[in-house]
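One letter stands for each residue in the lines below.
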Amino acid sequence: MRECIKYYKGSQNRENAFLRVVQHVGLESSRGLRQDASTHWNSTFLMLDNALFYKKALLQMVKTDANFVHCPSSQEWSKIEKICKFLQVFHEVTLAFSCSKYPTANLYFPNVLKIRLLLKKDVVSNDDFIKTMATRMNLKFDKYWSEFSTIMGIVVIFDPRYKFQVIDWAFKKVYGSTSDLELDLFKKKLFSLFDEYLAINTKSKASESSPPSPKVDENLSDTYMTDFDEFSSCEFTTDGKSELESYLKEPKLPRIASLQPEIEALCKEVTTLKVDVDEDAKESNTSGAQTQQSGLC
């Protein structure tokens, strides 16, 4: 298909001839043929999708242009349709990220999961062509999933529209009979991470509001008791984990509920923050900007 498109993109006369045929067969000309970047699946999808749209015109060109020898065969058109359908999911995921005004981290798990389930289905496809393609892609994707699915899952849990239910549902689809084991491992990592957060947060609060150190009574400063001093200085909090568990047990919001107002409010706060810059930095930035401008002249 790439050679087919190169043929018409390489000459204005051939491209004009193609547009005349497009009008003759009654197709919309505004979409046009697209050349892809071979390393970008999304652009390959757009190339193939547009080619399928103009299939009727391309077949007609075979009859009117004797030099046009790059038109796909019937078997190749069949493969193009399969590839296009396969890559459509990648295209949709790309749009979900790129079209979002604020692409927050909670978008990633549901969309990456969509790709994971597609590959899982197609690696056992009855179609050898799709099976081979999916298997090759799945080898790379499995590594990505194993490294990042946990952190993406933890992030999406704190979206009140998903909570833990989405992890339970997703793991059953991905892992099947071993989903309970994977869920247990996930929960351990979740609460371990939360406990670590509590420990850091508790120490931070303690250092901010710690009272003046009392005078040491030499008669009470037994060395072995210093271990107790360290032990007792740590605040034992059970509310932290209970707070997380309580959150997870609360009813989740409807998945289609919009959180946009809250996100917009947060972004507005961030963009209105005043950042202090010292005078040296200001002078450095000013001179740098002047240098860049003079270099452009």
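See the structure above.
Report follows, based on the coordinates.

The rules behind these values
- Residues numbered from 1 in each chain as written.
- Predicted model: local features only at pLDDT ≥ 70, side-chain atom pairs only at ≥ 80, totals over all residues.
- Heavy atoms only, no water.
- Core = buried A, V, L, I, M, F, W, Y, C linked by side-chain atoms within 4.5 Å.
- Buried < 20%, exposed > 50% of the residue type's maximum accessible area, 1.4 Å probe, protein only.
- Contact = heavy atoms within 4.5 Å.
- Patch = residues over 30% accessible without salt bridge, like charges linked within 9 Å, V, L, I, M, F, W, Y side chains within 5 Å.
- Areas by Shrake-Rupley, 256 points an atom, 1.4 Å probe, with all protein chains shown as cover.
- Salt bridge = Lys/Arg side-chain N within 4 Å of Asp/Glu carboxyl O.
- Helix = DSSP H or I, 4+ residues; strand = E, 2+ residues; numbered from the N terminus.
- Axes fitted to C-alpha atoms, helices over the stretch in contact; angles between N-to-C directions.
- Parallel < 35°, antiparallel > 145°, perpendicular 65-115°, else oblique.
- Left-handed = near helix turned anticlockwise from the far one by under 90°.
- Nonpolar A, V, L, I, M, F, W, Y, C, P; charged D, E, K, R; others polar.
- Phe/Tyr/Trp six-rings, centres within 6.5 Å; stacked < 30°, edge-to-face > 60°.
- Lys NZ or Arg CZ within 6 Å of the ring centre and 35° of its normal.

**Quick notes on the nonpolar core**
As a rule of thumb, nonpolar side chains are buried together in soluble globular proteins. Counting residues in each nonpolar core, the largest one holds 62 residues, and the members touching the most others are Met 1, Phe 18, Leu 58, Phe 86, Phe 109 and Ile 167. Phe 18 has contacts with Tyr 8, Leu 33, Tyr 54, Ala 57, Leu 58 and Met 61, leaving out every residue within four places of it along the chain.

**Describing a nonpolar patch on the surface**
Among the surface-exposed residues, Tyr 144, Phe 148, Ile 151, Val 155 and Leu 193 lie close enough to one another that they form a single nonpolar patch of about 400 Å² accessible area. With respect to the helices, strands and loops of the structure, Val 155 is situated in helix 7 (residues 128-157).

**Digging into the environment of Val 174**
With respect to the helices and strands, Val 174 occurs in helix 8 (residues 163-175). Exposure remark for Val 174: the relative accessible area of 6% places this residue in the buried category. Remark: the alpha-carbon pair of Val 174 and Arg 116, spanning 58 residues in sequence, is separated by 7.6 Å. Setting aside its immediate chain neighbours within four residues, Val 174 contacts Leu 113, Arg 116, Leu 117, Lys 120 and Trp 145.

**Overview of the environment of Leu 117**
Summarising the element assignment, Leu 117 is placed in helix 6 (residues 108-122). On the accessibility criterion, Leu 117 (25% relative accessible area) is partly exposed. Separated by 57 residues in sequence, Leu 117 and Val 174 place their C-alpha atoms 6.7 Å apart. Ignoring sequence-local partners within four residues, the contact set of Leu 117 consists of Lys 173 and Val 174.

**Points about the pattern of salt bridges**
Pairing between side chains becomes possible if they bear opposite charge and their charged atoms approach one another. Taken as a whole and judged by the stated rule, the model has 11 salt bridges. Between Glu 3 and Lys 6 there is a salt bridge, with its nearest N and O atoms 3.7 Å apart. Of the two residues, Glu 3 and Lys 6 both sit in helix 1 (residues 2-9), 3 residues apart, roughly one turn of that helix. Here Glu 3 falls in the partly exposed class, since its relative accessible area comes to 43%. A salt bridge links Lys 114 to Glu 92, with the shortest nitrogen-to-oxygen separation between them at 3.9 Å. With a gap of 22 residues between them, Lys 114 in helix 6 and Glu 92 in helix 5 (residues 74-98) connect regions that are remote in the sequence.

**Quick word on the packing of helix 6 against helix 8**
In contact at an axis separation of 10 Å, helix 6 and helix 8 are set at 20 degrees when each is read in the N-to-C sense. By the angle class used here, helix 6 and helix 8 are roughly parallel. Like other packed secondary-structure pairs, helix 6 and helix 8 cross with a definite hand, here left-handed. Contact residues: Phe 109, Leu 113, Arg 116, Leu 117 and Lys 120 in helix 6; Val 166, Ile 167, Trp 169, Ala 170, Lys 173, Val 174 and Tyr 175 in helix 8. Residue classes in the contact of helix 6 with helix 8 are distributed as 9 nonpolar, no polar and 3 charged.

**Some remarks on unusual backbone geometry**
Trans peptide bonds make up the majority, and among non-glycine residues the majority have a negative phi. Phi is positive for Lys 163, close to 50 degrees, though the residue is something other than glycine. Along the chain, Lys 163 turns up in helix 8. With a relative accessible area of 1%, Lys 163 lands in the buried category.

**Some points on the packing of aromatic side chains**
Enumeration according to the criterion identifies 14 aromatic pairs in this entry. Taking 4.9 Å as the distance between ring centres and 85 degrees as the angle between the ring planes, the aromatic pair formed by Phe 53 and Tyr 54 counts as edge-to-face. Aromatic rings pair up to connect Tyr 7, Tyr 8, Phe 18, Phe 53, Tyr 54 and Phe 68 into one cluster. Sitting above the plane of the Phe 53 ring, Arg 31 keeps its charged end 4.3 Å from the centroid.

**Examining the side chain of Ser 179**
Its place among the elements puts Ser 179 in helix 9 (residues 179-208). In this structure Ser 179 comes out as buried when scored by relative accessible area, which is 5%. Sequence-distant contacts of Ser 179, defined by excluding residues within four places in its chain, comprise Phe 171 and Lys 172.

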